[in-house]
Structures are given as structure tokens and as C-alpha cells.
Amino acid sequence: KHTIEQYLDKIRALRALIPDIVLTSDIIVGFPGETEEEFAETVAFLKKVAFYETHIFKYSRRKGTKAAVMENQIPEELKTKRSDILLKLDKEHRKEDEAVLVGTEQEVLFEEEVTIDRKDWFVGHTKEYVKIAVPAEENLANQLQMVKVSAERAGDLLAGEVR
């Protein structure tokens, strides 16, 4: 029972108190009855807020729910189109936020080894939940390490080297 402006005011207040705060959100696209105008409002809102990361989910019918029997179910192709638009916007916002980290040192909690573009990396998160990868030269699982963030990327992830 909040308006978009009230929500934006809360986000502005948080960012004023904690300038380097990292905010994420979940968005469902294609809920029954979602109009082009409502979707455009979602896009405009996400552009204003510029979350670090937005988890985009396409609405899917669940038997036994009220929404499953609502009129104006959105066709799958339209849900996919809308989802793709939001995913592209999310990627742009993430890259903008990550660009300020290049050249800095960040404490990273490493979680797992992954292969990206046929190269092995250890991937972890900063305290702000930014994913960073380093070349997998040793097992870093469950370790906190200082990482110098570079302009290099590991696929879509920031990359760096352990200090």
C-alpha cells in the first residue's frame, strides 16, 4: 500500500545515509492484465532507481491460485520480450555500478570455482554483494581475500587478482 514516490523517497533516504549501499530487487513481468503502459512504468521506475541487480522473473501460472484463472493472461512471447528488456537494463546498471570499483581493493568472500570462457576462476562476493572473479590458481573456497579489481572481466563478472 505504498506509492512509487514513497518507495523512491525511501531509496533516496537510504542512499543519502549510506552512499555506497547496494540495492537489489525482484521483478515479475507478465502478470495477468499487465498493460503496455504498466510495463513502461516499470521500465521508467527501474531507470530511476538503478538497482545494482534486478532479478527478473516471468509470471508463470500456478494451479490453484487466483492469478491462474484471471483474465488477460499475457502470452509467453510477450513475457519473454518484456523480460529481455528488463534484463538488458539490469546488465547496464550493473556495469555502471561496477565501473567505479575498477582499481580499488575489495574484500571478497570466495565461494566456488567456475569455468568461464574455458578458463577457471574462483568467484565470490564483496560485502556489498558484488560478484568478483579471480584466476583459479589455488583453492580459495570459504576464504576472505583482498582483491585488486581490474578492468578485465570474467564473462559478465568483474575480475581481479588476490593481493
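As shown above, the structure is provided for reference.
The notes below deal with the structure included here. Given the structure is predicted, the values throughout are model-derived calculations rather than measurements.

A short note on the packing of aromatic side chains
Next up, step 1: All told, the structure shown has three aromatic pairs when counted by the stated rule.
Next up, step 2: Relative to Y59, the ring of F31 lies with its centre 5.3 Å away and its plane at 70 degrees, an arrangement referred to as edge-to-face. Of this pair, F31 sits in the loop between strand 1 (24-29) and helix 2 (36-49) while Y59 sits in the loop between strand 2 (53-58) and helix 3 (76-99), and the two are 28 residues apart along the sequence.
Next up, step 3: Looking at Y59, the relative accessible area reads 9%, which means it is buried.

A look at the pairing of strand 7 (residues 157-162)
Next up, step 1: The pairing of strand 5 (residues 131-135) with strand 7 spans two bridges and is parallel. Paired with I132 across the two strands is L158, which belongs to strand 7.
Next up, step 2: As paired strands, strand 6 (residues 144-154) and strand 7 are joined by six bridges and run antiparallel to one another. Each bridged residue has a counterpart across the sheet, and for V149 the counterpart in strand 7 is G160.
Next up, step 3: Between strand 6 and strand 7, which pair antiparallel one after the other, the connecting turn spans two residues, and G155 there sits at a positive phi close to 65 degrees.

Conventions we followed
Residues numbered from 1 in each chain as written. Predicted model: local features only at pLDDT ≥ 70, side-chain atom pairs only at ≥ 80, totals over all residues. Heavy atoms only, no water. Phe/Tyr/Trp six-rings, centres within 6.5 Å; stacked < 30°, edge-to-face > 60°. Helix = DSSP H or I, 4+ residues; strand = E, 2+ residues; numbered from the N terminus. Buried < 20%, exposed > 50% of the residue type's maximum accessible area, 1.4 Å probe, protein only. Pairing = 2+ DSSP bridges.

These values are about where atoms sit, not about what they do.
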